[in-house]
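A look at the structure
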Amino acid sequence: MKVFVLGGGVAGLAFASLGRDLDISVIDKNKEAGRKLLATGNGRCNFTNQNFGMDFYQSDNKNFPKKALEAFTNRDLIDYFYRLGIDSTYLPSGRTYPTTMSAKTVRDILYLEANKNASFIFDEEIKDIDLRKKLLISENNKYKYDILVIASGGISLPKSGSDGSVFKILREEIPVRKLTYAITNYKTKEKFSKKAKGTKITGKVSLFVDNKFIKASIDDLIFQDYGLTGTSIFNISNEISLALRDRKKAHVLVDFFPNYSKKDLGKRLGDLLERNPNRKISEILLGLLNERIISDILKRSSIADDKKANKISNGDMDTLLRNLKTMKFTIEDIHDKTNAQVSLGGFDTKFVDKTTMKSKIYDDVYIIGEALDVAGSCGGYNIQWAFSSAIAAVKSIRSLNV
Ligand SMILES: Cc1cc2nc3c(=O)[nH]c(=O)nc-3n(C[C@H](O)[C@H](O)[C@H](O)COP(=O)(O)OP(=O)(O)OC[C@H]3O[C@@H](n4cnc5c(N)ncnc54)[C@H](O)[C@@H]3O)c2cc1C
């Protein structure tokens, strides 16, 4: 029984490497396998995370990913890589990488393993799919399958091959949830000045959608002339993009001092003002904040940079403290679509079996990886999903005694 995998990205490679005893062919429009994989984790491949759970996944069909993730967990993926000869290491954040810190290691080993079970057809773009006649159709060829595994990815980083073409081909036959981009950066209504551009702090960002608290993250936060980026934003990006997609109002509150309560920060500042009555407020803040953002923070607080410490009123102090602990940035739009790391939306999981990844409409079709309406948070959760969904399909197809 011939299994064709459409897409030789992470999920396609996962499927082929795990698919012992199956007769597999993998087709990809690229000239090599796992092109996007090479770009993951800044070229280091953050393939899973020590912190694991459903909170890190987004799908319009909320609990869909649970079964597959529980059946093949982060531990299982780390063990699998170990068996393949890939040792792993992790950062305090839980992000887990190959010890080589090279995505190429993972791509090359997976490709070697996949080649034991599968043949690869590169440089072949599938332009049409006939689900009744079971044909994958390219410009010059037709491929007959018994089982089709769709591993064509989402719409993120289209230059890596996943341009959403398969959604267009199959949209009429398999429902697709509305697509958008996530794990990316955002334009905000309130912006810092050019002087602050590129300044990185460790800050806490708290996301509110329609004024309801959704999620917070403490990590790198970078101020840009268009708005905000950095890991703390990436960590709440799925939820921000979802809100924008659904035309809801989103804003973040930035806490520049996550290690201080507002009261303790007030005491600390009050003490510094008292000890340096003739110093300018901008000078008082020099030891506490990156110099490049001090003017912007004071401007948002309507306090002149050169106002002397002994002239700072209780009202000034209240406004300053409020801004230092909860400065509001209203999210207007996604800034960078072309470099977003994941797509939200995709093939509707209501029409896919959550244990096997088999289509409920066509029982010879499976869908895995980012092509499904499942998006993991930043931190290794998407590669984990590619594997968990791939092994679910492998197990099911194997049980067909093909
Ligand atoms: C810059 C960047 C960094 C990332 N870093 C991480 C990270 O560190 N950790 C993490 O977990 N996730 C990360 N991700 C997300 C992760 O890479 C994806 O979720 C994952 O690659 C999805 O795997 P996939 O196989 O479903 O899709 P893809 O890897 O996108 O593969 C889909 C494949 O299908 C092929 N294809 C599509 N349509 C056709 C067609 N019509 N004909 C033929 N071939 C076709 C494409 O060429 C492509 O090779 C990152 C993403 C980006 C863009």
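Criteria and thresholds
- Residues numbered from 1 in each chain as written.
- Predicted model: local features only at pLDDT ≥ 70, side-chain atom pairs only at ≥ 80, totals over all residues.
- Heavy atoms only, no water.
- Helix = DSSP H or I, 4+ residues; strand = E, 2+ residues; numbered from the N terminus.
- Buried < 20%, exposed > 50% of the residue type's maximum accessible area, 1.4 Å probe, protein only.
- Core = buried A, V, L, I, M, F, W, Y, C linked by side-chain atoms within 4.5 Å.
- Contact = heavy atoms within 4.5 Å.
- Axes fitted to C-alpha atoms, helices over the stretch in contact; angles between N-to-C directions.
- Parallel < 35°, antiparallel > 145°, perpendicular 65-115°, else oblique.
- Nonpolar A, V, L, I, M, F, W, Y, C, P; charged D, E, K, R; others polar.
- Pairing = 2+ DSSP bridges.
- Near = heavy atom within 4 Å.
- Polar contact = N/O pair within 3.5 Å; in protein donor to acceptor, adjacent residues only side chain to side chain.
- Areas by Shrake-Rupley, 256 points an atom, 1.4 Å probe, with all protein chains shown as cover.
- 1 Å grid on protein atoms, 1.4 Å probe; cavity = no way out; pocket = protein on both sides within 12 Å on 5 of 7 lines; lining within 4 Å.
- Points joined across faces, edges and corners; volume = space filled by probe spheres on them.
- Phe/Tyr/Trp six-rings, centres within 6.5 Å; stacked < 30°, edge-to-face > 60°.
- Lys NZ or Arg CZ within 6 Å of the ring centre and 35° of its normal.

Despite not being glycine, K134 shows a phi value in the positive range, around 60 degrees. Position of K134 among the secondary structure elements: in the loop between β8 (128–130) and β9 (135–137). A residue is classified by how much of its surface remains accessible, and K134, at 24% relative accessible area, is partly exposed. At R247, a position not held by glycine, the phi torsion is positive, near 55 degrees. Within the element layout of this structure, R247 appears in the loop between α8 (237–245) and β17 (250–255).

With that out of the way, let us pick up the nonpolar core. Ranked by internal contacts, the top residues of the largest apolar core, which has 77 residues, are F15, I129, L136, F347 and F387. Per element, the largest residue contribution to this core is 11 residues, and it comes from helix α13 (residues 381–398). The residues contacting F15, other than those within four sequence positions of it, are V3, V5, L22, I24, V149, I368, A390, A393, V394 and I397. F256, L298, L321 and F329 belong to the second-largest nonpolar core, a separate cluster that totals 42 residues.

Once that is clear, we can look at the packing of helix α4 (residues 74–84) against helix α5 (residues 103–117). Where α4 meets α5, the axes come as close as 11 Å, and the angle between the chain directions of the two elements is 75 degrees. On the basis of the axis angle, α4 is roughly perpendicular to α5. Contacts from Y80, F81 and L84 of α4 reach α5 at V106, I109, L110 and E113. For the contact of α4 with α5, a count of residues per class yields 6 nonpolar, no polar and 1 charged.

So, on to the sheet that holds strand β10 (residues 142–144). The strand order across the open sheet built from 3 strands is β8-β9-β10, with neighbouring strands paired in antiparallel fashion. Of all the strands in the sheet, the pair left with one neighbour each is β8 and β10. Going from strand to strand, the sheet's axes swing by 20 degrees on average, the running direction of each strand aside.

Now for the site of the ligand. Near the ligand lie 33 residues; those nearest to it are A11, D28, N46, E370 and I383. In this structure, an oxygen atom belonging to the ligand sits 2.6 Å away from a side-chain N or O atom of E370. In the complex, the protein chains occlude 96% of the 990 Å² of accessible area that the ligand would expose alone. Mapped by element, the contributors of at least two residues to the shell around the ligand are α1 (10–18), α2 (35–39), α6 (165–170) and α13. In terms of residues, the shell around the ligand owes the most to one element, α13, which gives 3 residues.

Another point: the layout of surface pockets. Counted as a void, the second largest pocket has a volume near 380 Å³. At the level of elements, β4 (57–58), β15 (212–223) and α8 are the ones that each hand at least two residues to the lining of the second largest pocket. Considered class by class, the residues forming the lining of the second largest pocket number 6 nonpolar, 2 polar and 8 charged.

Per the stated rule, a full pass over the model turns up 18 aromatic pairs. Seen from their ring centres, Y111 and F120 are 4.9 Å apart, and the 75 degrees between their planes marks the pair as edge-to-face. Of the aromatic side chains, those joined through ring pairs into one cluster are F47, Y80, F81 and F387. Positioned above the aromatic ring of Y97, the side-chain terminus of R44 is 4.8 Å from the ring centre. Geometry around F329 places R300 over its ring, the cationic atom sitting 5.3 Å from the centre.

This brings us to the sheet that holds strand β6 (residues 95–98). Pairing in this open sheet of 3 strands is antiparallel, and the strands run β3-β6-β5 from one edge to the other. Of all the strands in the sheet, just β3 (48–49) and β5 (88–90) have a single pairing partner and so form its edges. Alignment of β3 against β6, held across 2 bridges, turns out to be antiparallel. Bridge pairing links N49 to R95 in β6.

Position of S282 relative to the elements: it lies in helix α10 (residues 281–284). Sequence-distant contacts of S282, that is, excluding residues within four places in its chain, are made with I294, L298 and D305.

This brings us to the side chain of N49. By secondary structure assignment, the location of N49 is in strand β3. On the basis of relative accessibility, which here comes to 3%, the residue N49 falls in the buried class. Of the polar contacts made by the side chain of N49, one reaches the backbone nitrogen of N51; its length is 2.9 Å. At 3.4 Å, the side chain of N49 and the side chain of Y381 are in polar contact. Excluding its chain neighbours within four sequence positions, the residues that come into contact with N49 are N74, S93, G94, R95, T96, G379 and Y381.

Another aspect to go through is the pairing of β17. The buried fraction of β17 amounts to 6 of the 6 residues, a majority that puts the element mostly inside the structure. Both faces of β17 are covered, namely the face carrying A250, V252 and V254 and the face carrying H251, L253 and D255. Sheet topology note: the strand β14 (residues 199–209)/β17 ladder contains 6 bridges and is antiparallel. Residue pairing across strands places K204 opposite D255, the latter belonging to β17. In this structure, β17 lies alongside strand β18 (residues 327–334), joined through 4 bridges in antiparallel fashion. In the strand pairing of β18, H251 is matched with T330.

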